[in-house]
Amino acid sequence: MNEKVLLIADSITVGELADVLNLPVTTLIGELFKNGIASTLNQRIDFDTATLIVEELGLEVELQKKEAAATERRAHELTDKAVARPPIVAVMGHVDHGKTSLLDYIRRAKVAAGEAGGITQHIGAYHVETERGMVTFLDTPGHAAFTAMRARGAKSTDLAILVVAADDGVMPQTIEALNHAQAADVPIVVAVNKIDKESADPVRVRGQLSEFGLVPEEYGGDTQFVDVSAITGAGLDELLASIVLTADAALDLRANPDMPAQGVAIEAHLDKGRGPVTTVLVHRGTLRIGDSIVAGSAHGRVRALINEQGENVTE
Ligand code: GDP
Ligand code: MG
C-alpha cells in the first residue's frame, strides 16, 4: 500500500524509465514486447503506457505526471526579464449575488467616462487602473452549468473575490466557488454585497462562511470581509484596497513579456462573421496578431485582437 510515487513527464524514453524504476533496460523492453510494443532504448512511450507497464511488472510504484509546463513557466519567470504584473482577480459566487454589477461599478468608476458607454458586448475579463495600480478582473458565471468555467477561472487567477449577497447568504455556488478557490490555493477576499438592502444581514454571512474555514479577521481569522454595494458603490474602494494589499502580501507577481504568449482561454464561441472568437488571459509573454496559437486540441492563428474597450489592437 505504501507505494513509492515517481514523477515523470508526459512521455519518457524507455531508457529513462528504466533509470527511474531502477530496472535493467532489457527487463523493460521485454515487458513492453509482451504487451505488443517493440521498443528500443531511445523509444518514447507515453505516460499511460508507462503506467501500464509498471502495473504489469507488479512494482510498488505509482507514476504521476510531472507538471512540465509549470516547471518551464517558473524557469521563464526567474529570468531577469520578468517584470511586475497586475494581479488577476476572479470574481466568483452564486448567481445573482452581484458579481457582474460589482465589476460594472468598479469599471464605470475607474474607466474614463465616455469609454464605458461604448461597451456593448459582455467581455469577461478586463483591466482596471486603480490608485494602487492595475488589476485584471475576471467575471465568472454563477449558474450551475458553469462548473468547469469556474474551476478554470479559479486556476488561472492569483486571487478570488467571493461575492455573497447579504440578503441571500451562502448558497450552493458560493460553496462550490469557495472549493475551487481553495483547491487552486488562491487567497480569498469576501465581498458581502447588497448591504444597501433592508434585509441585508452581513453578520450572518460571516458566521456561515466561518463554518467553511473562512474566518473573518475581526473574529481572529485571516480572511478579509468587506461590506459593499454595487448599487451605491459603498465599500468598493475598501475592496480594491484589500485586493491590492492581499496580492502584494501573498504573491510575488512577475512575468516576462519578451516571450511567446502563454495563458488560458476563458470562453469561446463561433461568431458568424468573424469565426472562432475567444477571450484569453495572457499570463506571460506578449500575444500579437499573426501568432499561432494552440488551445487543447484546437489551433489557429490570431487574426484580430480586441481589447476590453472593444478597440482593435495589434498586441
Ligand atoms: P451575478 O449573477 O452575480 O453577476 O449578479 P448580477 O450582477 O447580474 O446582479 C443580479 C441582480 O442583483 C441584478 O438585478 C442587480 O441589479 C442586483 N444587484 C447587484 N448588486 C446589488 C447591490 O449591491 N444592491 C442591490 N440592491 N441590488 C444589487
Ligand atoms: Mg454575472
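Things to note about the overall build of the chain
Next, step 1: For the chain, the helix and strand inventory stands at nine helices and 18 strands.
Next, step 2: In the chain, buried positions account for 41% of the 315 residues.
Next, step 3: Contacts spanning at least 24 positions in sequence make up 66% of the contacts within the chain whose residues lie at least 6 apart.

As for the site of ligand 1
Next, step 1: Looking at ligand 1, there are 15 residues lining it, with Asp96, Lys99, Ser101, Asp196 and Ala230 nearest.
Next, step 2: Here an oxygen atom of ligand 1 and a backbone polar atom of Asp96 are 2.8 Å apart.
Next, step 3: Protein chains bury 71% of the 590 Å² of accessible surface belonging to ligand 1 in isolation.
Next, step 4: With three residues, the single largest contributor to the shell around ligand 1 is helix α5 (residues 99–110).
Next, step 5: Per-class residue counts for the shell around ligand 1 are three nonpolar, seven polar and five charged.

Describing the environment of Val54
Next, step 1: As for its placement among the helices and strands, Val54 is situated in helix α3 (residues 47–56).
Next, step 2: Expressed as a C-alpha distance, the spacing of Val54 and Leu17, which sit 37 residues apart in the sequence, is 9.7 Å.
Next, step 3: Discounting residues that sit within four places of it in the chain, Val54 has contacts with Leu21, Leu59, Val61 and Leu63.

Reading the values: rules and limits
Counting restarts for each chain: residues are numbered from 1 in the order of the written sequence. Here the convention is simple: chains get letters from A, ligands get numbers from 1, in the order in which they are written. Owing to the predicted nature of the model, reporting of local features is limited to residues with pLDDT of at least 70; listing and counting of side-chain atom pairs is limited to 80 or more, with chain, interface and lining totals taken over all residues. For the side-chain quantities, the full set of heavy atoms in the structure was used; hydrogens and water were omitted. Think of it this way: any DSSP run of H or I at least four residues long counts as a helix, any run of E at least two long counts as a strand, and we number them from the N terminus. For every residue, the accessible area (1.4 Å probe, protein chains only) is compared with the maximum for its type, and the residue is labelled buried under 20%, exposed over 50%, or partly exposed between those bounds. When checking whether two residues touch, look at their non-hydrogen atoms; a contact exists if any pair is within 4.5 Å. If even one non-hydrogen atom of a residue comes within 4 Å of a molecule or strand, that residue is called near it. In protein, a polar contact requires one atom able to donate a hydrogen and another able to accept it; more generally it is a pair of N or O atoms within 3.5 Å, and residues adjacent in sequence count only if both atoms are side-chain atoms. Methods summary: accessible areas were calculated by the Shrake-Rupley approach with a probe of 1.4 Å, and residue burial reflects only the protein chains presented. Following the grouping adopted for this structure description, the nonpolar residues are Ala, Val, Leu, Ile, Met, Phe, Trp, Tyr, Cys and Pro, the charged ones are Asp, Glu, Lys and Arg, and the polar ones are all others, Gly among them.

Geometric values such as these leave the question of function open.
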